[in-house]
Amino acid sequence: MMFEAPLVGRFNHLKASPDPHGRGQAFELLLVDVFRASHFRVEHNPRAATPRQTDLFAVYGTDRYLIEVKWTKQPVDIGVVADVRDRLDRTDATVMGVVFSVAGFGLNAIEEVEGHRGRPILLFAEAELLRVLEHPDELVRLLRKKRQDLVVHARAHLALAKPTRPTDPRTITSLTGADVQLMGRNGSCLPYLTTAGGFGQFVYAQDLVDIDWVPGSGNGVSLDMSLSPYTADGIVDVLSELDRIGWVTVKPRRSIQQSTANWHGVGVQDFITALRDWKSGREESSMPITPRS
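Residues numbered from 1 in each chain as written. Predicted model: local features only at pLDDT ≥ 70, side-chain atom pairs only at ≥ 80, totals over all residues. Heavy atoms only, no water.

A. Just the overall build of the protein chain, in detail. For the protein chain, the helix and strand inventory stands at 8 helices and 11 strands. Buried positions account for 38% of the 293 residues belonging to the protein chain. Within the protein chain, residue pairs in contact and separated by at least 24 positions form 65% of the contacts whose partners lie at least 6 positions apart. Total accessible area on the protein chain stands at roughly 17500 Å², and carbon and sulfur atoms take up 52% of it. (Helix = DSSP H or I, 4+ residues; strand = E, 2+ residues; numbered from the N terminus. Buried < 20%, exposed > 50% of the residue type's maximum accessible area, 1.4 Å probe, protein only. Contact = heavy atoms within 4.5 Å. Areas by Shrake-Rupley, 256 points an atom, 1.4 Å probe, with all protein chains shown as cover.)

Below you can see the structure in the form of structure tokens.
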């Protein structure tokens, strides 16, 4: 689907507009395009909550959302949340509320959402709006993540535009160590091996275990998780949390693959070392090898 301009560019153009009323209407139309780019069926100014006016109504499979769009000088307060809840009460019980607010949300609005989870209302501030403007395919996942956090954990999932305070890089010495060590030809220990580049789906391993390769009927037990860290530090945070709950072993094998170079290694500590070296553009302590097919 083609747009008049990139979604982020349109949003930035609206931010420079001196016309608040016209900007609000254009913002609604921008979100219509965002939802359609994410493969939703969406209606602008629907009659779902008649006689109350509604900005947008979007459908994705069995998920249905009543959407309120706000671009005000001040963060959204409890009154807006109450208005959305009143609209929801006029619709089918399976419909969820969504509020987009460029100015963010006041504490009383967030507490109202977290305290009344029977009819979920999902909140999007500017940081998350920009994410879906850049990557509309993230919208479905983010909506479902917000619903899970609200219903299961009683927490309104809101991303911050910037960290509230600088954070130091996580230390890696406390993470589970590997039980083997890579060695160079001269006998020195290596944090990782570097090979020729190319994208593939392989990783070196001492043992190959696939629990679905069973001689009898039925399947083994497996767990597939979809994780979406957006930075190297985000990957480190995920690994640290997995280590904290005991899901990191002494035998992990890993691979970082790019078009010009690949990095292979053993253990979560050395993986973080390779990740940080890759991020900084270093390839120290590496040894070129040619993998066998």
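B. View of unusual backbone geometry. The backbone phi angle of His39 is positive, close to 70 degrees, even though this residue is not glycine. You can see His39 is positioned in the loop between helix 2 (20–37) and strand 1 (41–44).

C. Geometry of the packing of aromatic side chains. One pass over the structure, following the stated rule, counts 8 aromatic pairs. The interplanar angle of 80 degrees and the centroid separation of 5.0 Å between the aromatic rings of Phe35 and Phe40 together place this pair among those described as edge-to-face. Given the relative accessible area of 5%, Phe40 is considered buried. For the ring pair Phe100 and Phe124, a centre distance of 4.6 Å and an interplane angle of 25 degrees mean the geometry is stacked. With Phe100 in strand 4 (residues 96–101) and Phe124 in strand 5 (residues 121–124), the pair connects residues that are 24 residues apart, well separated along the chain. Owing to a relative accessible area of 1%, Phe100 belongs among the buried residues under this scheme. Grouped by ring-pair contacts, the aromatic residues Phe35, Phe40, Tyr60, Tyr65, Phe100 and Phe124 constitute a single cluster. For the cation-ring pair, Lys146 lies above Phe124, with the distance from its terminal atom to the ring centre recorded as 4.6 Å. (Phe/Tyr/Trp six-rings, centres within 6.5 Å; stacked < 30°, edge-to-face > 60°. Lys NZ or Arg CZ within 6 Å of the ring centre and 35° of its normal.)

D. Structural detail: the nonpolar core. Judged by nonpolar contacts, the single largest core of 49 residues is most densely connected at Phe27, Phe35, Ile67, Leu129 and Leu143. When residues in this core are grouped by element, the largest group, 6 residues, is from helix 2. The contacts of Phe27, once residues within four sequence positions are left out, are Phe11, Leu14, Val69, Lys70, Trp71, Val102 and Leu129. Ranked by size, the runner-up nonpolar core spans 13 residues in total, among them Ala232, Leu239, Val248 and Phe271. (Core = buried A, V, L, I, M, F, W, Y, C linked by side-chain atoms within 4.5 Å.)

E. Region of the structure containing helix 1 (residues 7–15). Considered for burial, the residues of helix 1 that qualify are Leu7, Arg10, Phe11 and Leu14. Taken around the axis of helix 1, the buried residues stretch over an arc of 100 degrees, which confines them to a single face. If you follow the buried residues of helix 1, they end up packed against helix 2 and helix 5 (126–134). (Arc of directions from axis to C-beta.)

F. Spotlight on helix 4 (residues 107–115). Taken as a whole, helix 4 has its buried residues at Ala109, Ile110, Glu112 and Val113. Projected onto a plane normal to the axis of helix 4, the buried residues spread over an arc of 160 degrees and lie on a single side.

G. Region of interest: the pairing of strand 3 (residues 63–70). With respect to burial, strand 3 is a largely interior element, 6 of its 8 residues being buried. For strand 2 (residues 56–60) and strand 3, the ladder comprises 5 bridges, and the chain directions are antiparallel. Following the sheet pairing, Phe57 is matched in strand 3 by Leu66. The turn linking strand 2 back onto strand 3 is made up of 2 residues, and Gly61 within it adopts a positive phi angle of 60 degrees. As judged from the 6 bridges shared by strand 3 and strand 4, these two strands associate in the parallel manner. Counted as the bridge partner of Tyr65 is Met96 from strand 4. Since strand 3 and strand 4 lie parallel, the crossover through helix 3 (residues 78–88) that links them has a hand, and here it is right-handed. (Pairing = 2+ DSSP bridges. Right-handed = clockwise from strand over helix to strand, strands pointing away.)

H. Highlighting the pairing of strand 10 (residues 261–266). Burial runs high along strand 10: 6 of the 6 residues are buried. Burial along strand 10 is two-sided: Ala261, Trp263 and Gly265 facing one way and Asn262, His264 and Val266 facing the other are all buried. For strand 9 (residues 253–257) and strand 10, the ladder comprises 5 bridges, and the chain directions are antiparallel. Note on strand 10: the bridge partner recorded for Arg254 is Gly265. Here strand 9 folds back onto strand 10 in antiparallel fashion, the turn holding 3 residues.

I. Region of the structure containing the sheet that holds strand 2. The strand order across the open sheet formed by 5 strands is 1-2-3-4-5, and the pairing between neighbours is mixed. Only two strands of the sheet have a single neighbouring strand rather than two, namely strand 1 and strand 5. Neighbour-to-neighbour, the strand axes of this sheet turn through a mean angle of 20 degrees, independent of strand direction. Those strands touched by helix 2 are strand 1, strand 2, strand 3 and strand 4, and its axis lies near 165 degrees from that of strand 1. Packing against the sheet, helix 3 makes contact with strand 3, strand 4 and strand 5, and its axis sits at approximately 145 degrees to strand 3. (Axes fitted to C-alpha atoms, helices over the stretch in contact; angles between N-to-C directions.)

In short, shape yes, function no, at least from these values alone.
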